[in-house]
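Architecture at a glance
In case you want the letters, here they are:
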Amino acid sequence: MTLEEIRGQENAMENVDRVQSAGAALEELLVAAKKQEYLTVGVYESAKVMNVDPDSVAFCVLATDEEYECDIALQIHFTLIQAFCFDNDINVVRVNDIERLADLVSAGETGEPKDAHCILVTSPSANPWKDPALDKLSLFCEESRSVYDWVPTITLEER
């Protein structure tokens, strides 16, 4: 085995650990933000918040699965939301497990499950909310951008 192959394996293992750590941080952030009522769930609801108070948006999560990959309208919304986030220095990630994400943001609620295709973590401008999980995710996004992964994908842990 060559030195390059060994380094490649080490980098692959580090990347897997980094993504798993980001997944755990995302779960922590969503649970904490839900308790503080700092979540906006749904594509249209998120677009309203971004239009009315863009400075309140701290983090953005876009979720899809195989069923929605061919949904052109949803993909257009994602493109517009990503562009807005890039223009306003808002970190954005993708999650491929929309059911797990919907469970996280709808935990304990009754009725119809929420549209979890877009989730915003907001923070009031007057009293900015700080959370260690948000800091971890911001670092994860920054590291991802340094290797030209502009919208990194996070895998949530199975339950």
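Rules and cut-offs
- Residues numbered from 1 in each chain as written.
- Predicted model: local features only at pLDDT ≥ 70, side-chain atom pairs only at ≥ 80, totals over all residues.
- Heavy atoms only, no water.
- UniProt positions renumbered as here; feature names shortened; annotations may be inferred.
- Helix = DSSP H or I, 4+ residues; strand = E, 2+ residues; numbered from the N terminus.
- Buried < 20%, exposed > 50% of the residue type's maximum accessible area, 1.4 Å probe, protein only.
- Contact = heavy atoms within 4.5 Å.
- Areas by Shrake-Rupley, 256 points an atom, 1.4 Å probe, with all protein chains shown as cover.
- Polar contact = N/O pair within 3.5 Å; in protein donor to acceptor, adjacent residues only side chain to side chain.
- Axes fitted to C-alpha atoms, helices over the stretch in contact; angles between N-to-C directions.
- Parallel < 35°, antiparallel > 145°, perpendicular 65-115°, else oblique.
- Left-handed = near helix turned anticlockwise from the far one by under 90°.
- Nonpolar A, V, L, I, M, F, W, Y, C, P; charged D, E, K, R; others polar.
- Core = buried A, V, L, I, M, F, W, Y, C linked by side-chain atoms within 4.5 Å.
- Pairing = 2+ DSSP bridges.

Within an unreviewed UniProt entry, the label attached to the protein chain reads Growth arrest and DNA damage-inducible protein GADD45 gamma, and the organism entered is Zoarces viviparus. UniProt annotates the protein chain under Subunit (unreviewed entry) with the comment "Undergoes concentration-dependent homodimerization, which is required for growth inhibititory activity and enhances interaction with PCNA. Interacts with GADD45GIP1. Interacts with PCNA." Here is the UniProt Sequence similarities (unreviewed entry) comment for the protein chain, exactly as written: "Belongs to the GADD45 family."

1. Thoughts on the overall build of the protein chain
A tally of regular secondary structure across the protein chain gives five helices and five strands. Taken from N to C terminus, the helices and strands of the protein chain fall in the order α-β-α-β-α-β-α-β-α-β. Residue burial in the protein chain is summarised as follows: out of 159 residues, 41% are buried. Long-range contacts, defined as pairs at least 24 residues apart, comprise 80% of the intrachain contacts of the protein chain with a sequence gap of at least 6. If you sum the accessible surface of the protein chain, you get close to 9600 Å²; carbon and sulfur atoms cover 51% of it.

2. Description of the side chain of His117
Tracing the chain through its elements places His117 in the loop between α4 (98-106) and β4 (118-122). Overall, the relative accessible area of 8% leaves His117 in the buried class. Looking at His117, its side chain comes within polar contact range of the side chain of Asp115, at 2.6 Å. If sequence neighbours within four positions are ignored, His117 has contacts with Val43, Val61, Leu62, Ala63, Thr64, Tyr68, Leu74, Phe78 and Ile98.

3. A word on the packing of helix α2 (residues 43-52) against helix α3 (residues 72-87)
Closest axis-to-axis distance for the α2/α3 pair is 11 Å, and the angle between their directions is 25°. Here α3 runs roughly parallel to α2, going by the angle between their axes. In this structure, α2 crosses over α3, and the sense of that crossing is left-handed. Two secondary-structure elements touch here, α2 through Val43, Tyr44 and Met50 and α3 through Leu74, His77, Ile81, Phe84 and Cys85. Here the residues of the contact of α2 with α3 are counted per class, giving seven nonpolar, one polar and no charged.

4. Some words on the nonpolar core
Judged by nonpolar contacts, the single largest core of 31 residues is most densely connected at Leu26, Phe59 and Ile119. Among the secondary structure elements, those contributing two or more residues to this core are α1 (3-36), β1 (39-41), β2 (57-63), β3 (91-95), α4, β4 and α5 (132-146). Looking at this core, the element that brings in the most residues is α1, giving seven residues. Those residues within four positions of Ile119 in sequence are excluded, and the remaining contacts are Leu30, Leu39, Thr40, Val41, Ser46, Phe59, Cys60, Val61, Leu101 and Val105.

5. Quick look at the sheet that holds β4
Taken in spatial order, the five strands of this open sheet run β1-β4-β2-β3-β5, and their pairing is mixed. Bordering the open sheet on either side are β1 and β5 (153-154), each of which pairs with just one other strand. Relative to β4, β1 is paired through three bridges, and the arrangement is antiparallel. Bridged to Leu39 within β4 is Val121. Contacting β2, β3 and β4, α3 runs over the sheet at an angle of about 155° to β2. Helix-sheet contacts for α5 involve β2, β3 and β5, and the interaxial angle to β3 is about 85°.

6. Some thoughts on the environment of Ala133
Here Ala133 lies in helix α5. Residue classification places Ala133 among the buried residues on the basis of a relative accessible area of 0%. Separated by 101 residues in the primary sequence, Ala133 and Ala32 have C-alpha atoms spaced 9.1 Å apart. What Ala133 contacts, discounting residues up to four positions off in sequence, is Ala25, Glu28 and Leu29.

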